[in-house]
Amino acid sequence: MRSLAIAAVTALVLATASAAVERLSPEEARARIQTLVEEALAGRAVGLSVALAYDGNILLEEGYGTIEVEHDVATNAESIFRIGSITKQFTAALVMKQVESGKIGLDDPISKFVDYPTQGKEVTVRHLLTHTSGIKSYTGLGAEWIKTVPLEMTHEELLGLVDDLPFDFDPGTKYRYNNTGYYLLGVILEEVSGKSFAELLAEEITDPLELTRTRYGSNGDIIRNRAQGYEFRNGELANDDLIGMSQPGAAGAMLSTAGDLLRWQRALRAGQVVSAKSYEQMITPYTLSDGESTDYGFGLSMDEADGLRRVQHGGGINGFNSMLAHFPDTGVGVAVISNSNGFRASNLARDIARAVHDREVEISDLPVPPAEQKRLGGTYAFDELPMEITIVGRDDQLFAQPTGQAEDRLLRQAEGRYRASFDKEVKVDFAEGSPSPTLTLQQGGGTYVAKRKSDG
């Protein structure tokens, strides 16, 4: 199951805490975060960059654990991590600055700026920003892309992986997360400005805002206090696989710290990067051609967490994953970066937000009766996913083993209702009947039904 883990805010006013939603005091919040971090480091976290802000004021920015295991180098607040797709909100802001200057129009066809074959379809800048272009995402090509990942590639070489492939859908008709779209936005920015994306990022954002630990990534540059990325292979810690930093480009190549990310978040909301109007556009969900609204604006996603509005974006790249979130109803900002793909920064960010809002969810761990173990035991197959889950019971407990993955224990909440021990937000519910005919998995915002293949 681990492999599946996949409203407006006024720009010029930093949100203040709502009287209806309380926050912990700064002292209580720091103590609660310390406990959560210790729990993370006792698991699969290696190094962590963590920061918390109330109303734009940073209360905590710290590094925990290790950024380089081989030499036992401790993480500190200045340790710099890859942030993956959090890069996209920086890219979107750079685009909006060009929109404000009149050099780019949101509804301009991309053919105005780049020579990319759109196969008779009109793809606009807005489509790229909102993941609605229908262009094939190069990171979704499987083995064909994976074999190129260690290489430094030119724009022509990377885009050549997808530029002759059929569109996934007509522009504006569907939403599908797309790294090619944001890579193309980086190319457009370079064409319009006459500068590299890295130069534009420094001149327009990081230097003026004094984000001294935020920059475009590089495998060649000496970057002091830079974290090494790690992954788990067969349960053992290993260095992450090499990735050419030209590959993620404007879609995910940046480095930063949790503290710098909260400074960026504050500046973006406060009108120090783009105008209030531009920021409103960035946090306005795109409406598809059939009238259905997505939860994505320009480089930012809008949703709810524990009943609170949230503006957020996560990121994942070889050996690293990250989460940056703001809660406009309470003025809380949270940033977490992990240098281990075995530990999800989004889970810790969620737990921190839940803790400081004093909204922790009670998770039960009830014994599983023998009759229920028998009723639920068996192998279940998904129609939508290339995966099966085998359920077995023993010693008053229930266990789940997805195809090709380690076994995990399920925590019983009630008859037929369970949570995953590795991520308590993951729900596994079994249908009535003996034996149970189906199970329903809820994870990463998706709901997937699996039908019983055989009894346990």
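Everything quoted here is computed from the prediction, not taken from an experiment.

1. Quick look at the packing of aromatic side chains
Going through the model one piece at a time under the given rule, you end up with nine aromatic pairs. Each ring, one from Phe81 and one from Phe320, has its centre 6.2 Å from the other, and the planes form 85 degrees; the classification is edge-to-face. Within this pair, whereas Phe81 is found in strand β4 (residues 81-82), its partner Phe320 is found in strand β11 (residues 320-327), the two being separated by 239 residues in sequence. Judged by its relative accessible area of 3%, Phe320 falls in the buried class. Look at Tyr175 and Tyr296: their rings are 5.9 Å apart centre to centre, the planes differ by 40 degrees, and that puts the pair in the tilted class. Residue Tyr175 is found in the loop between α5 (155-159) and α6 (179-193), and its partner Tyr296 is found in the loop between α9 (276-282) and β9 (301-305); the two are separated by 121 residues along the sequence. Judged by relative accessible area, Tyr175 falls into the partly exposed class, the value being 32%. By the ring-pair criterion, three or more aromatic residues cluster together here, those being Tyr138, Trp145 and Tyr183. Just above the ring of Phe232 sits the side chain of Arg44; from NZ or CZ to the centre is 4.2 Å.

2. Looking at the pattern of salt bridges
The tally for this structure, following the rule as stated, stands at 27 salt bridges. The partner of Arg409 in a salt bridge is Asp365, and the shortest N-O contact between them spans 2.9 Å. With a gap of 44 residues between them, Arg409 in strand β16 (residues 408-414) and Asp365 in the loop between α10 (345-356) and α11 (370-376) connect regions that are remote in the sequence. Glu372 is the partner of Arg412 in a salt bridge, and the nearest nitrogen-oxygen pair spans 2.8 Å. With Arg412 in strand β16 and Glu372 in helix α11, this pair connects stretches of sequence that are 40 residues apart. Look at Arg412 and you get buried, because its relative accessible area is 13%. Through salt bridges with shared partners, one network takes in Glu372, Arg375, Arg412 and Glu415.

3. What about the environment of Thr130?
On the secondary structure map, Thr130 appears in the loop between α3 (125-129) and α4 (143-146). A relative accessible area of 0% means that Thr130 is categorised as buried. Through-space distance from the C-alpha of Thr130 to that of Arg176 is 8.8 Å; in sequence the pair is 46 residues apart. When neighbours within four sequence positions are excluded, Thr130 is seen to be in contact with Tyr175, Tyr286, Tyr296, Gly297 and Phe298. Here Thr132 takes part through its side chain, which lies 2.8 Å from a polar atom of the side chain of Thr130.

4. Some points on a negative patch on the surface
A surface patch of like charges, here negative, comprises Glu22, Glu27, Glu28 and Asp358. Position of Glu27 among the secondary structure elements: in helix α1 (residues 26-41).

5. Comments concerning the sheet that holds strand β1 (residues 47-54)
Backbone hydrogen bonds are what pair the strands of a sheet, in a parallel or an antiparallel way. The seven strands lie next to each other as β3-β2-β1-β12-β11-β10-β9, forming an open sheet whose pairing is antiparallel. With partners counted over all chains shown, the strands left at the sheet margins are β3 (73-74) and β9, one partner each. Two strands pair when backbone bridges link them, and β9 and strand β10 (residues 308-317) are joined in this way by five bridges, in the antiparallel orientation. Each bridged residue has a counterpart across the sheet, and for Met302 the counterpart in β10 is Val311. Strands in contact with α1 are β1 and β2 (57-68); relative to β2, the strand with the most contacts, it is inclined by about 15 degrees. Strands in contact with helix α8 (residues 258-269) are β1, β2, β11 and β12 (332-338); relative to β12, the strand with the most contacts, it is inclined by about 140 degrees.

6. Points about α6
Taking 1.5 Å of rise per residue, the 15 residues of α6 would be expected to cover 21 Å, and the 21 Å separating its terminal C-alpha atoms lies within 8% of that figure. Along α6, the residues classified as buried are Asn179, Thr180, Gly181, Tyr182, Tyr183, Leu184, Leu185, Gly186, Val187, Ile188 and Leu189. Contacts made by the buried residues of α6 are with α2 (87-100), α3, α5 and α7 (197-206). Note on α6: the residue one or two positions beyond its end, Gly194, has a positive phi of about 75 degrees.

7. Brief notes about the side chain of Thr148
Counting through the fold element by element, Thr148 comes out in the loop between α4 and α5. When neighbours within four sequence positions are excluded, Thr148 is seen to be in contact with Met153, Leu161 and Gln247.

8. Concerning the confidence of the model for the chain
Summing up the model confidence of the chain, the mean pLDDT is 92 and the portion of residues at 70 or higher is 95%. Here residues 1-20 is a poorly scored stretch, pLDDT under 50, and it has 67 contacts once near neighbours within four places are set aside; other chains count.

Cut-offs used in this document
Residues numbered from 1 in each chain as written. Predicted model: local features only at pLDDT ≥ 70, side-chain atom pairs only at ≥ 80, totals over all residues. Heavy atoms only, no water. Phe/Tyr/Trp six-rings, centres within 6.5 Å; stacked < 30°, edge-to-face > 60°. Helix = DSSP H or I, 4+ residues; strand = E, 2+ residues; numbered from the N terminus. Buried < 20%, exposed > 50% of the residue type's maximum accessible area, 1.4 Å probe, protein only. Lys NZ or Arg CZ within 6 Å of the ring centre and 35° of its normal. Salt bridge = Lys/Arg side-chain N within 4 Å of Asp/Glu carboxyl O. Contact = heavy atoms within 4.5 Å. Polar contact = N/O pair within 3.5 Å; in protein donor to acceptor, adjacent residues only side chain to side chain. Patch = residues over 30% accessible without salt bridge, like charges linked within 9 Å, V, L, I, M, F, W, Y side chains within 5 Å. Areas by Shrake-Rupley, 256 points an atom, 1.4 Å probe, with all protein chains shown as cover. Lys, Arg positive; Asp, Glu negative; His and termini not counted. Charge placed at Lys NZ, Arg CZ, Asp CG, Glu CD. Pairing = 2+ DSSP bridges. Axes fitted to C-alpha atoms, helices over the stretch in contact; angles between N-to-C directions. Expected span 1.5 Å × (residues − 1). pLDDT = per-residue confidence, 0-100.

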